[in-house]
Amino acid sequence: MPAFCRLAENGLALFVRLTPRSARDAIEGTAETADGRCHLKARVRAVPENGKANAALEKLLAKQIGVPSGAVSVAGGATSRLKTVEIRGDRGELLIRLRAIAAGQ
């Protein structure tokens, strides 16, 4: 299992570092924090006001992974750059798609 995710009750939980107010919406691979925690790097054009950046992140991840937008939700870190995002669905299928995204495919 990739270091940026863990098993959740109905799918997977991802650790994401979000950069709002970017020039584009994109997932840019993986990175580590200074304390050694791994996360996906994501950028969205939305501003971090009233949950707009979180909603844009949910939409971006749903599109990239190929799941309905309702299957993706920010579960932790709503006001932080480092977030926990839960994705509901078949764990095996989600892992295959996430590995491809993290590898930049």
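Whatever comes next refers back to the structure up there.
All of these numbers come straight from a predicted model, not from anything done at the bench. (Residues numbered from 1 in each chain as written. Predicted model: local features only at pLDDT ≥ 70, side-chain atom pairs only at ≥ 80, totals over all residues. Heavy atoms only, no water.)

Tracing the backbone through its elements, the reader meets S22 in the loop between β2 (11–19) and β3 (26–32). Once residues within four sequence positions are removed from consideration, S22 is found in contact with R43, V44 and R45. (Helix = DSSP H or I, 4+ residues; strand = E, 2+ residues; numbered from the N terminus. Contact = heavy atoms within 4.5 Å.)

Turning our attention to the pairing of strand β6 (residues 82–88). With seven bridges joining them, β2 and β6 adopt antiparallel strand pairing. Within the sheet, the bridge partner assigned to G11 lies in β6 and is R88. Sheet analysis places strand β5 (residues 72–76) next to β6, joined by four bridges and oriented antiparallel. Residue pairing in the sheet places V74 in a bridge with V85 of β6. (Pairing = 2+ DSSP bridges.)

Peptide bonds are, in most cases, trans, and in most cases residues other than glycine have a negative phi. At R21, a residue that is not glycine, the phi angle is positive and equals roughly 55°. Here R21 lies in the loop between β2 and β3. The exposed category is assigned to R21, whose relative accessible area is 57%. Positive phi values are uncommon outside glycine, yet N50 reaches one of about 55°. Secondary-structure assignment places N50 in the loop between β4 (38–43) and α1 (52–65). (Buried < 20%, exposed > 50% of the residue type's maximum accessible area, 1.4 Å probe, protein only.)

Function cannot be read off these values alone, since they describe shape.
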